[in-house]
Amino acid sequence: MSKNIREGAVGMTKAKMHSPHIETMSREEMRDLQGKRLNAQVTYVYRNSSFYRRKFESVGLEPDDIRTIDDISKIPFTTKDELRADQENNPPYGSNVCIPLEDVVWLPTTSGTTGRPVILPRGQADIETWNDLNVRSYIALGMTNQDVFQHVITYHWIYGGLALFMGAQKLGAAVINAGTGNTEKQLWSLTNMGVTALHATPTYLTYLGHEIQRRGLQDQLSLRIVFGGGEIGCAGGPAKERLRDLYPGVQTIADVGGVTDVGTMFWAECIAEAGAHLWEDSIAFELLNPDTLSTAEPGATGELVVSDLVSKTAPLLRYRIMDLTKLNYEPCECGRTLARLDPGILGRSDDMLVIRGANVHPSAIDDIVKQFRELNGEYQIIVDRPEDLDRLTVRAETSPEQANALNGPGGLPSRLEAAFKVAFGSRANIELVDPGTLPRFTYKASRLVDKRRGDTEESLWEKAEAQK
Ligand SMILES: [Zn+2]
């Protein structure tokens, strides 16, 4: 039934857009606009950021060398490690802040899960810019000022939660600043506050959805839109169907994302649910071959590199966000001409597994697990190297009602083995376990135990505990 509702919604003739001129311009017009904005941004940082002036001087680059968007490849890359080192060497905020301190009004930081947190100074003008872009994202996924929006994203320290909150207020939605955790209160709010739109990490959407089912609360929900970001798990058919099982009757299940080192939401799916649209007028996206860092072949998977064309406080150019994806440049049925993720982020390039010489993306394993209705969607990936040969084990929980269909030729393990063999070209061990055996995550899921680098299975339990 939910599928019909979705098709009905997509069958509309006019999609609502925040900036129709931008969102439907021809590829040529977009490239012109990007070239102009890039030239202005390069000139701006050359004058105002000693961080970028040094980088440009190190390769002999001057602002006038950047005339079209194709010239972007002349700009050196920026990495998070560089930002970290710059802030250590030029305390406290580093040498990339382009505005006077009295104009800085917000100091969010990165999470710091991969090292010293990076401080992200923000001025009021940038906050307004990103509020507008967040409104654009909300409108794309179908939110309006009629919606009651439960926003289940971390509010403290980081940039995203509060920025998305302000964007939703600007849209005119009634926003509930739920933040993360406290599942009892989240469920109370969903069933008592008239909530029509819900945003959380895909991991928490899944966790919450199972609680809704277990307690039989489905009929007490008024949800129309469910969307997730911050990790894989909302893009592509199998993931969406799983979420539709947990949130039956919801019209739109959308994937959104961005990187808070740079901005906030800079991609969002529209109600066609056909891959997130990229806000290319504000961020220039390049897809590069992760090995050579030159432009990826058309249709190939590549590493996404972003350049901020609009921020003025501490803009980042050619920033390596390490996300792997494919891009789709075909116009969408919603009318937007902006490029799209195809269908979403596959994983981070530093998370990609190399098994017996072949690349395996964590999202490809996620996809296969979610295609099997006999599994409940909880799984672990275990990689070890007995006898000098990589071994991939997928340990997955079964659905309770499937306990009988498991064994024998043509049983579930052999069908799973066959699916993995087709996807990766090499064998995966399949271990089926009872529902409830594996750790449950409530913020972002950790599923990988790579024993080749010293991971242990206990560490996943510790990570799950830390999210409670
Ligand atoms: Zn679209």
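Residue positions within a chain follow its written sequence, with the count starting from 1. Predicted model: local features are reported for residues with pLDDT of at least 70 only, side-chain atom pairs are reported and counted for 80 or more only, and whole-chain, interface and lining totals are derived from all residues. To get the side-chain values, take all heavy atoms of the structure and skip hydrogens and water.

This part covers the sheet that holds strand β21 (residues 448–450). Pairing between strands requires that DSSP locate at least two bridges from one strand to the other. Comment: elements are numbered from the N terminus, with helices defined as DSSP H or I runs of at least four residues and strands as E runs of at least two. With mixed pairing, the four strands of this open sheet are ordered in space as β20-β19-β18-β21. What marks the edges here is a single partner per strand, and that holds for β20 (428–433) and β21. Across the sheet, the mean angle from the axis of one strand to that of its neighbour is 20°, orientation sign disregarded. Where strand β19 (residues 391–398) and β20 come together, six bridges link them in parallel fashion. Bridging across to β20, Glu397 finds its partner in Val433. Axis geometry follows a simple rule: fit a line to the C-alpha atoms, using only the stretch in contact for helices, then measure angles between N-to-C directions, giving values from 0 to 180 degrees.

Two aromatic rings, drawn from Phe, Tyr or Trp (for Trp, its six-membered ring), form a pair once their centres lie within 6.5 Å of each other, and the interplanar angle then sorts them: stacked below 30 degrees, edge-to-face above 60, tilted otherwise. Tallied over the entire structure, the rule returns 13 aromatic pairs. Ring geometry for Tyr46 versus Phe56: centroids 6.2 Å apart, planes at 10°, classification stacked. Note that Tyr46 is positioned in helix α3 (residues 27–48) and Phe56 in helix α4 (residues 50–58), a separation of ten residues in sequence. Note on classification: 1.4 Å probe, protein chains only; a residue is buried when its accessible area is under 20% of the maximum for its type, exposed when over 50%, partly exposed between these limits. When its relative accessible area of 16% is taken as the criterion, Tyr46 is described as buried. For Phe56, a relative accessible area of 0% puts it in the buried group. Pairing Tyr52 with Phe56 gives two aromatic rings, centres 5.9 Å apart and planes at 45°, and the pair type is tilted. Taken together, the residues span about one helical turn, with Tyr52 and Phe56 both in helix α4 at a distance of four residues. As far as burial versus exposure is concerned, Tyr52 and Phe56 are alike and both buried. Following the ring pairs from residue to residue traces out a cluster consisting of Tyr46, Phe51, Tyr52 and Phe56. Directly above the aromatic system of Tyr46 lies the positively charged group of Arg53, at a separation of 4.4 Å from the ring centroid. It is Lys312 that lies over the ring of Tyr44; its NZ or CZ is 4.5 Å from the centre. Cation placement over rings: the criterion is NZ of Lys or CZ of Arg within 6 Å of the ring centroid and within 35° of the ring normal.

Now for the coordination of the zinc ion. Metal coordination here is assigned from N, O and S atoms located within 2.8 Å of the ion, or within 3.2 Å for Na, K and Ca; omission of water means that sites may look incomplete. Looking at the metal site, the zinc ion is ligated by Cys270 (SG), His277 (NE2), Cys332 (SG) and Cys334 (SG), spaced 2.1 to 2.3 Å from it. Every angle between 85 and 135 degrees makes a four-donor site tetrahedral, while opposite donors more than 155 degrees apart, with all other angles between 65 and 115, make a four-donor site square planar and a six-donor site octahedral; other sites are irregular. Here the zinc ion is ringed by four donor atoms whose angles at the metal span 103 to 113°, and the overall shape comes out tetrahedral. As a motif over one chain, the donors of the zinc ion read C-x6-H-x54-C-x1-C.

In this section: the confidence of the model for the protein chain. For the protein chain, the average pLDDT comes to 93, and 95% of its residues sit at 70 or higher. Predictor confidence is given residue by residue as pLDDT, running from a minimum of 0 to a maximum of 100. Residues are treated as being in contact if the distance between any of their heavy atoms lies within 4.5 Å. Low confidence marks residues 1–12, where pLDDT is under 50. Its contacts with residues over four positions away, or in another chain, come to 15 contacts.

It is worth spelling out the sheet that holds strand β12 (residues 319–325) at this point. Taken in spatial order, the four strands make up an open sheet running β10-β11-β12-β15, and their pairing is antiparallel. The two strands at the open ends of the sheet, each matched to only one other strand, are β10 (283–288) and β15 (347–348). Pairing between strand β11 (residues 302–308) and β12: four bridges, direction antiparallel. By the bridge assignment, Val305 is partnered in β12 with Arg320.

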